[in-house]
2 protein chains.
Amino acid sequence: MSWTPNAHAGLMEQAMTRKILKMAATPGLISLAGGMPAPESFPVDEIKAAVDRVLTDHSATALQYGVSDGYQPLREWVSADLAAKGADYPPDQILITNGSQQAISLASGILLEDGAKLAIETPTYLAAISTFRPSGCTFVDMPCDEDGPIPAELRRVRDARFAYIIPTFQNPAGRMISAQRRQAISETAHELGLPLFEDNPYGELYYDGEPPAPLASFDPENTIYGGSFSKVLSPGMRIGYVALPKKIYGDFLNLKSAVDVHTANLIQLIVYEVVKDGFLTTHLDKVRARYKVHRDAMDAALKKYMPADAVWETPAGGMFFWVTLPEGTDTGALLDTAVKAGVAFVPGEAFYAVDPPKNSLRLSFVTVSPEQIDAGVKILAELLR
Amino acid sequence: MSWTPNAHAGLMEQAMTRKILKMAATPGLISLAGGMPAPESFPVDEIKAAVDRVLTDHSATALQYGVSDGYQPLREWVSADLAAKGADYPPDQILITNGSQQAISLASGILLEDGAKLAIETPTYLAAISTFRPSGCTFVDMPCDEDGPIPAELRRVRDARFAYIIPTFQNPAGRMISAQRRQAISETAHELGLPLFEDNPYGELYYDGEPPAPLASFDPENTIYGGSFSKVLSPGMRIGYVALPKKIYGDFLNLKSAVDVHTANLIQLIVYEVVKDGFLTTHLDKVRARYKVHRDAMDAALKKYMPADAVWETPAGGMFFWVTLPEGTDTGALLDTAVKAGVAFVPGEAFYAVDPPKNSLRLSFVTVSPEQIDAGVKILAELLR
């Protein structure tokens, strides 16, 4: 019968993330597309020092097989960090993953299947859509207003296996759900028996004050919490984690064990060595100060150059502006022209699982300099006119 | 509805690999269970030097997002290494994975599904069984003799999606398929339209002369080849790769992208830096010399202590002895007693997908010293009498 991909393989798409990563490598291109941290923000010296300590003192652990759960001191660090933010998951409910993307993938593998419903915000993170889709699940939209999913409307999606939510500096919309709304969502979901998945890769990247406590802080046994060191330390290390309700930890661990045994020990030990004495506190202050300047530069450039009918909210954190243009604009059709003109962005349609509108786009402000942000937005605005 | 694992989650087992990794951490235990390389074999100084060069010269690449395919120079190195062994896969058909376990997992995700047939050797690698099983596939045995799967019998499994074979120093049986048999398997499989998956983590660990060219050398477009740096460099780095027929590369890449975006760049660059100038040639000579002593020590200990009715073949490479005891022996029931007496092994039943016989066991000779091998086999033999 020769090679026969299964029924689900056909549901995979050449993920837009991959196109973005390839575009980002085009020489001279001003990329406002990818959510790639500025390389200048990588703490190279601290990582070097950490590697040296790890390979001097712990090489037999760093280079050997480990347990599927993850490196115990790192699990304890994550548990304590979440507790400090108000979310209570003991270390033995923390699973170390290959970036938070793997947390999404494990949730798909355990909780979804053909015909299962999955509730999502609209728009939402494009690579989550790509990862959930091959499960054969059916996407259902959570009705939202400008403050996020509307609690009273959650009953419409009560038969979903879970609701996938990015409460803090949402990708792509930049939206932050308020503390009050978080509590209402959590309480309503609990009453409805609707489990929640809080994806929080951007929570530490705040520029106008600290965000509210995680959604997971209200009801950890009804909430999966996915986090990552990608945006605060280095995405090339691929270290994320998922904090799990006790009831489903074992299933996630079994699947993690089956898919790749465990996340690279060497990297887990390096990350732990870098963060264990509080390095992130000072490091993140610097990262926030840097990105705030970028955020403000993009806000200023949008005000200066964009057509009057373009609409956006200034995000209080994260990496992205979400710009909506008049109906009839087709940002997907514009992308190739824009790349030829020297600027890349992500068409808004990529962030919808079904019936994508075509008149929005996502701009990242973290990868390139404020000067390039100004130049890139100017080129883009001219093309839009 | 609260947390509802899907129909496949129930097919997962608490993998024996995880039990082994946990057992191995018991203080004072002589573990003949895990296939964990001796920590003394890790080239710590070379890895340290490589990390320093990577973080000095390539930190922006090592710490940033990369493409899902893997680090291009490493893909090229793997392609050249396979070509030198006779297997022809261009670099753009090499996908870097988190250990070769992830190659197995990707094959399961793309090629298997409910009711699909999967042909396996009996016994076979236990963690492959654990990874394939949740797909809902049906395992079918390839009839084997002492030289491996019997070509003329392959027609019995011709409707399988693929045949999973470990031709070189098979785990657990230690068997090596001859060059002639490899060619016959490959040709028959081609005629039948039966795709092959060659898993080859142990091929470099030969103690009595180099093994024949890979199964994949005969018909790469009909063969997936999985390889790994775990046994030759360090398993804690979790770097493996899969060489793919052109026809299915895109599907595997899509799934890799969905499950964790890409394998950690930092580690890929470190591995490439370590291997690029031929380090493995001298390093593997040392590793082989070390393990040959261990292999011989275990062979001697088995001859010295085992009951006369125990049967085994001395493996020409790899990590394991496969010992068969008289029918009626239940090695699974013996394990707890053995661990209390200070020695661990893996009961043979773990290596069967269906109807496991209970009278065999697998002993690893790579983790502990020759003296401990002698002591461990002695304890075990006394318990068996």
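Residues numbered from 1 in each chain as written. Chains lettered and ligands numbered in written order. Predicted model: local features only at pLDDT ≥ 70, side-chain atom pairs only at ≥ 80, totals over all residues.

J.: I'm lost on the overall build of chain A in this one. Help?
T.: Counting its regular elements, chain A contains 12 helices and 14 strands. Relative to the 2.2 N^0.38 estimate, which gives 21 Å for 385 residues, the radius of gyration of chain A is 21 Å and therefore close to what a compact globule would have. In terms of its C-alpha atoms, chain A occupies a principal-axis envelope of roughly 60 × 55 × 50 Å. The buried share of chain A, taken over its 385 residues, is 57%. Taking as baseline every contact in chain A between residues at least 6 positions apart, the subset at least 24 positions apart corresponds to 75%. (Helix = DSSP H or I, 4+ residues; strand = E, 2+ residues; numbered from the N terminus. Rg over C-alpha atoms; globule rule 2.2 N^0.38 Å. Buried ≥ 20, exposed ≤ 12 C-beta atoms within 10 Å, placed from the backbone. Contact = placed C-beta atoms within 7 Å.)

J.: Teacher, can you tell me more about the domain arrangement of chain A here?
T.: Put simply, an interface is often sized by how much accessible area is lost when its parts join up. Residue and element names in this part refer to chain A. Under the domain assignment used here, chain A contains domain 1 (9–42 + 281–384) and domain 2 (64–277). Domain 1 and domain 2 are separated by 24 Å when their C-alpha centres are compared. Each side of the interface is counted separately: domain 1 has 29 residues, and domain 2 has 29 residues. Counting residues per element, the side of domain 1 that touches domain 2 draws most heavily on helix 10 (residues 279–305), which supplies 5 residues. (Domains from an automatic or database assignment.)

J.: Could you clarify how one ought to interpret the sheet that holds strand 4 (residues 138–141) of chain B in this entry?
T.: What links the strands of a sheet is backbone hydrogen bonding, and the strands pair in either a parallel or an antiparallel sense. All names here are of chain B. In space, the 7 strands of this open sheet follow the order 2-10-9-8-7-3-4, with mixed pairing throughout. The outermost strands of the open sheet, each flanked by one partner alone, are strand 2 (94–97) and strand 4. Across this sheet, the average inter-strand angle for adjacent strands is 25°, counted without regard to direction. Two elements, strand 7 (residues 162–165) and strand 8 (residues 196–199), share 3 bridges in a ladder whose sense is parallel. Bridging from a neighbouring strand, Ala 163 pairs with Leu 196 of strand 8. (Pairing = 2+ DSSP bridges. Axes fitted to C-alpha atoms, helices over the stretch in contact; angles between N-to-C directions.)

J.: Would you mind going over the relation of the copies chain B and chain A with me for this structure?
T.: What relates the two chain copies is a rotation about an axis together with a slide along it. The two copies are related by a screw operation: chain B maps onto chain A through 180° of rotation and 0.0 Å of translation along the axis, at an RMSD of 0.0 Å. Such a turn and shift between the copies fits a two-fold axis. A share of 99% of interface residues in chain B that are also interface residues in chain A marks the association as one of identical surfaces. (Least-squares fit on C-alpha atoms with pLDDT ≥ 70 in both.)

J.: Sorry if this is basic, but what is going on with the pairing of strand 9 (residues 223–228) of chain B here?
T.: Looking along a regular strand, one sees side chains alternate from face to face of the sheet. Residue and element names in this part refer to chain B. For strand 9, a buried count of 6 out of 6 residues is recorded, marking the element as mostly surrounded by other parts of the structure. Across the two faces of strand 9 the burial is the same, with Thr 223, Tyr 225 and Gly 227 and Ile 224, Gly 226 and Ser 228 all buried. Relative to strand 9, strand 8 runs parallel, the two sharing 4 bridges. Paired with Leu 196 across the strands is Thr 223, a residue of strand 9. Both strand 9 and strand 10 (residues 240–243) contribute to a ladder of 4 bridges, which runs antiparallel. When the bridges of strand 10 are listed, Tyr 225 appears paired with Ala 243.

J.: Looking at this structure, how should I read the sheet that holds strand 14 (residues 360–364) of chain B?
T.: Strands sit in the order 11-14-13 (chain B) across an open sheet of 3 strands; the sheet is antiparallel. One side of each edge strand has no neighbouring strand; the edge strands of this open sheet are strand 11 (320–324) and strand 13 (346–347) of chain B.

J.: Is there a simple way to think about the interface of chain B and chain A in this case?
T.: Each partner contributes residues to the interface: chain B has 70 residues there, and chain A has 69 residues. Of all elements in the fold, only helix 1 (16–24), helix 2 (44–57), helix 3 (59–62), helix 5 (99–111), helix 6 (126–132), helix 8 (246–260) and helix 9 (265–275) of chain B reach the threshold of two or more residues within the side of chain B that touches chain A. With 9 residues, the single largest contributor to the side of chain B that touches chain A is helix 8 of chain B.

J.: I'm lost on the nonpolar core in this one. Help?
T.: Among soluble globular proteins, nonpolar side chains are generally buried collectively. Counting 235 residues, the largest nonpolar core has Ala 163 and Val 271 of chain A together with Ala 163 and Val 271 of chain B as its most contacted members. Once residues within four sequence positions are removed from consideration, Ala 163 of chain B is found in contact with Ala 119, Met 142, Val 157, Ala 189, Leu 194, Leu 196 and Phe 197 of chain B. (Core = buried A, V, L, I, M, F, W, Y, C linked by C-beta atoms within 7 Å.)

J.: Explain the environment of Glu 40 of chain A here, please?
T.: All names here are of chain A. Mapped onto the elements of the fold, Glu 40 is located in the loop between strand 1 (30–31) and helix 2 (44–57). For Glu 40, a count of 10 C-beta atoms within 10 Å puts it in the exposed group. Distance in space between the C-alpha atoms of Glu 40 and Asp 219 is 38 Å, their sequence separation being 179 residues.

J.: Could you clarify how one ought to interpret the environment of Thr 188 of chain B in this entry?
T.: Structurally, Thr 188 of chain B can be placed in helix 7 (residues 179–192). In this structure, Thr 188 of chain B is in contact with Pro 151 and Leu 154 of chain B, ignoring residues within four places of it in sequence.

J.: What exactly am I supposed to notice about the confidence of the model for chain A here?
T.: When pLDDT drops low, the exact placement of atoms in the prediction is not to be read closely. Summarising the model, chain A shows a mean pLDDT of 94, and 97% of its residues fall at 70 or more. Model confidence for the complex: the whole-complex pTM is 0.96, and ipTM, which rates the interface, is 0.95. (pLDDT = per-residue confidence, 0-100.)

J.: Honestly, the environment of Val 354 of chain B in this entry has me stumped. Any pointers?
T.: Tracing the sequence through the fold places Val 354 of chain B in the loop between strand 13 and strand 14. Note on Val 354 of chain B: 11 C-beta atoms within 10 Å, which makes it exposed.

J.: Looking at this structure, I do not really get unusual backbone geometry. What am I missing?
T.: Leave glycine aside and you will find that most residues have negative phi; peptide bonds, for their part, are mostly trans. Residue and element names in this part refer to chain A. In the segment running from Thr 122 into Pro 123, the intervening peptide bond is cis, with an omega of -5°. Following Asn 171, the chain continues to Pro 172 via a peptide bond in cis, the omega torsion being 10°. As for its position among the elements, Pro 172 is in the loop between strand 7 (162–165) and helix 7 (179–192). One non-glycine residue, Arg 238, lies in positive phi territory at about 55°. Among the structural elements, Arg 238 can be located in the loop between strand 9 (223–228) and strand 10 (240–243).

J.: Please explain the pairing of strand 3 (residues 117–120) of chain B as it appears in this structure.
T.: All names here are of chain B. As paired elements, strand 3 and strand 4 share 4 bridges and run parallel to each other. Looking across to strand 4, one finds that Ile 120 is bridged to Asp 141. Bridge count for strand 3 against strand 7 is 3 bridges, and the pairing is parallel. Bridging across to strand 7, Leu 118 finds its partner in Phe 162.

J.: Before we go on, may I ask you to explain helix 7 of chain A in this structure?
T.: For an α-helix the count is 3.6 residues per turn, leaving residues at separations of three or four pointing the same way. Residues and elements named next belong to chain A. For helix 7, with 14 residues, the first-to-last C-alpha span of 20 Å sits near the 20 Å given by 1.5 Å per residue. Check the buried side of helix 7 and you find it contacts strand 6 (148–149), strand 7 and strand 8 (196–199). After helix 7 finishes, the residue Gly 193 shows a positive phi value of roughly 70°. (Expected span 1.5 Å × (residues − 1).)

J.: Explain the packing of helix 2 of chain B against helix 9 of chain B here, please?
T.: When two helices pack together, their arrangement is captured by the angle between the axes and the distance separating the axes. Residues and elements named next belong to chain B. The geometry of helix 2 relative to helix 9 is characterised by a closest axis approach of 9 Å and an angle of 120° between their N-to-C directions. For the crossing formed where helix 2 meets helix 9, the hand is right-handed. Taking contact as the criterion, the partners of Glu 46, Ile 47, Ala 50, Val 51, Arg 53 and Val 54 in helix 2 are, on helix 9, Leu 269, Ile 270, Glu 273 and Val 274. (Left-handed = near helix turned anticlockwise from the far one by under 90°.)

J.: Before we go on, may I ask you to explain the packing of helix 11 (residues 331–341) of chain B against helix 12 (residues 370–384) of chain B in this structure?
T.: Residues and elements named next belong to chain B. Taken N-terminus to C-terminus, the directions of helix 11 and helix 12 make an angle of 135°; their axes are 10 Å apart at the nearest point. As the angle between them shows, helix 11 and helix 12 are arranged oblique. The chirality of how helix 11 crosses helix 12 is right-handed. Contacts from Leu 334, Thr 337, Ala 338 and Ala 341 of helix 11 reach helix 12 at Ile 379, Leu 380 and Leu 383. Residue classes in the contact of helix 11 with helix 12 are distributed as 6 nonpolar, 1 polar and no charged. (Parallel < 35°, antiparallel > 145°, perpendicular 65-115°, else oblique. Nonpolar A, V, L, I, M, F, W, Y, C, P; charged D, E, K, R; others polar.)

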